[in-house]
Structures are given as structure tokens and as C-alpha cells.
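# Structure at a glance
Here are the chains, one letter per residue:
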Amino acid sequence: MTIVKRYALVPHGPKRLEVRRDVLTREIAVAFDRRELYRAKEENLHEGIDIALPDESVLHVHVEIGPRGVPFLFLTRNGHPLPGSEGDPVKILWMTVCIFWCFAALQIFFAGAVIYGGRPDGTVYAIGAAGLALALFATFAWHRSYAATVLGSLIVLVELLIICSSAMKKNPWWEIWRPIVGLGIAAWLMLRGIDAVREIKAHTLPIRRPPV
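Residue indices follow the written sequence of each chain, beginning from 1 at its first position. Selection of residues for local features in this predicted model requires a pLDDT of at least 70, selection of side-chain atom pairs for listing and counting requires 80 or more, and totals for whole chains, interfaces and linings are taken over all residues. Hydrogens and water molecules were not included; the side-chain quantities draw on all heavy atoms of the structure.

### Some remarks on helix 2 (residues 122–142)
Selection criterion: Here a helix means four or more residues in a row that DSSP labels H or I, a strand means two or more in a row labelled E, and each is numbered from the N terminus. In a helix, the anticipated span is given by 1.5 Å times the number of residues less one. Any pair of nitrogen or oxygen atoms within 3.5 Å is treated as a polar contact; in protein, a donor-acceptor pairing is required on top of that, and neighbouring residues in sequence qualify only through side-chain atoms on both sides.
When the terminal C-alpha atoms of helix 2 are compared, their 30 Å separation across 21 residues agrees well with the 30 Å that a helix rising 1.5 Å per residue should span. Among the residues of helix 2, the N-terminal cap falls to Asp121, whose side-chain oxygen and the backbone nitrogen of Thr123 are separated by 3.2 Å. Directly beyond the C-terminal end of helix 2, a positive phi value near 75° is found at Arg144.

Shown next as C-alpha cells:
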């Protein structure tokens, strides 16, 4: 089974770069305008390699292992992440905002349903207020607000911490690692979103030169 992804070199440009990943052999092939430029095993890309593109720019490809051993393929051209690739800060921020919206929607729906049923209490109102605040932070975060991204991430992590604490009390001690791992992955995702906003606002990515 081969997974094929195509990328544009610039935002909204034609998708001229193609990356093929063979799930069985764990081989990764890079092609430009349908002409293969490089092929290697996934483990050979952990240190990263540079590929000279026909337009005299440099494509850097490397595989990074994320939480629970999941591989992430990072692609940069002259030091800048390709649009839509794993390292693209806009894509990372969008994923973070989607998490905010999912949490917000669940909380607002739950609070609204309980209030409509006529049995709300202080906790229900607090959940609804947190959902509304998270929806607001999601909106501002998508518009590149660093403060909103940080505050939204804190709300998500605090809520997950409360859920994990409750799960730890109900589960046997030898299953405590499960909620802890889940909380760690969530914290990693939130930190990626915060870093993405900082990167978008800074525009200080390094420049790679073509190999001599």
C-alpha cells in the first residue's frame, strides 16, 4: 500500500512535489514534476537529507518520531515548511484551533442540554462558560493571537487534567499510565500550536543554500 501526498512549493501554487510512502517496505520516494529525485528507507531520514530541486532551491526532508512512536515527515524548501506539510505552522495552528472548537462545542452542547432540561447547577454554568470562552479563544487564535492560543491551551489541559484525575480514582493503580500518556500527548499538541503562532508571527525561519 502506497500513500501519496502532493505539495505546492508556495501557498496556493501548483502541487508539483510528490511524496510516496510505502507502508509495507517503509520506503519514501520524493518526485518533482513526476520525476523521482530520491528514494530511501524511512530510518535513513531521521538525520535529514537535502535534495536540490530543478529551480535551484533546496528541499530538506527528515522524519521525526512523535508520541507513541508515530513518524512525522517534515519538508522544508530553503528552510521554510512547505504549505500543508507536517511542519507548516498554519496547518499546526488549524489543528489546535479544531481541538479548541471540539471541546467548546461539547461543553456548550452539554450545558445547553442540561439547562434546557431544567436542572442546571453551578457546575453546569461553569462548563458552559468555559465552552464559550474556549470558542472565543479559538476564533482569536485562528487570527494569530498568541495570548488566545495560550489561554485556550490552558483551558483544554486543565479540563483534561480534571478528567484524568477522575479516571485515576476509578481505575486500578496499574492503569494510571493510560490517562497520563493521553495528557502528555495533549500537552504536546497544545505546545505545537503555541509554537506555530509564535513562528507565524516571527517570520524568522533560517535560509538554506543550495549544495555546492
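On we go from here.
### What to know about the packing of aromatic side chains
The geometry of two aromatic rings is summed up by the distance between their centres and the angle between their planes. The criterion, for reference: Working definition: rings of Phe, Tyr and Trp (its six-membered ring) pair if their centres are within 6.5 Å, and the pair is stacked with planes under 30 degrees apart, edge-to-face with planes over 60 apart, and tilted otherwise. Per-residue accessibility, obtained with a 1.4 Å probe over protein chains only, is compared with the maximum for each type, and a residue is labelled buried under 20%, exposed over 50%, and partly exposed between these values. Whether a charge sits over a ring depends on NZ of Lys or CZ of Arg being within 6 Å of the ring centre and within 35 degrees of the ring normal.
One pass over the structure, following the stated rule, counts two aromatic pairs. Relative to Trp188, the ring of Phe72 has its centre 5.5 Å away and its plane inclined at 55°; by these criteria the two rings are tilted. Here the residue Phe72 occupies a position in strand 7 (residues 71–77), and Trp188 occupies one in helix 4 (residues 177–202), the gap between them amounting to 116 residues. Judged by its relative accessible area of 15%, Phe72 falls in the buried class. Residue classification places Trp188 among the partly exposed positions, given a relative accessible area of 28%. Taking the centre distance of 5.1 Å and the plane angle of 65° together, the rings of Trp94 and Trp142 count as edge-to-face. One end of the pair, Trp94, is in helix 1 (residues 89–117); the other, Trp142, is in helix 2, and 48 residues separate them in sequence. The ring of Phe72 carries the charged tip of Arg192 above its face, separated from the ring centre by 5.6 Å.

### Focus on the sheet that holds strand 2 (residues 17–22)
The strands making up a sheet associate through hydrogen bonds between their backbones, and the pairing can be parallel or antiparallel. Rules: The pairing criterion for strands is at least two bridges between them, as found by DSSP. Axes here refer to lines fitted to C-alpha atoms; in helices the fit is confined to the stretch in contact. Angles between the N-to-C directions go from 0 to 180 degrees.
Here we have four strands laid out as an open sheet, ordered 1-2-3-4, and antiparallel in their pairing. Two strands lie at the open edges of the sheet, namely strand 1 (2–7) and strand 4 (35–41), each paired on one side alone. Recorded for the sheet is a direction-independent mean angle of 15° between the axes of neighbouring strands.

### Topic: helix 1
With 29 residues, helix 1 extends 42 Å between its outermost C-alpha atoms, agreeing within 8% with the 42 Å of an ideal straight helix rising 1.5 Å per residue. Of all the residues in helix 1, the buried ones are Pro89, Ile92, Leu93, Thr96, Val97, Phe100, Ala104, Gln107 and Ala111.

### Focus on unusual backbone geometry
Not every positive phi belongs to a glycine, and His12 is a case in point at roughly 65°. Here His12 shows up in the loop between strand 1 and strand 2. Here His12 falls in the exposed class, since its relative accessible area comes to 86%. Look at Arg26: it is not a glycine, yet its phi comes out positive at around 60°. We classify Arg26 as partly exposed; its relative accessible area is 42%.

### Looking at the nonpolar core
The cut-off we apply is this: Each nonpolar core is a collection of buried residues, namely Ala, Val, Leu, Ile, Met, Phe, Trp, Tyr and Cys, held together in the definition by side-chain atoms within 4.5 Å. In what follows, residue pairs with any heavy atoms lying within 4.5 Å of each other are defined as contacts.
Residues Leu93, Val97, Phe100, Leu134, Ala141 and Val156 are the most contacted members of the largest nonpolar core, which totals 19 residues. Look past the residues within four positions of Val156 in its chain and what remains in contact with it is Phe100, Phe103, Leu134 and Met190. Listed in part, the 17 residues of the second largest apolar core include Val19, Ile49, Ile51 and Leu73.

Limitation: the analysis is restricted to geometry and does not speak to function.
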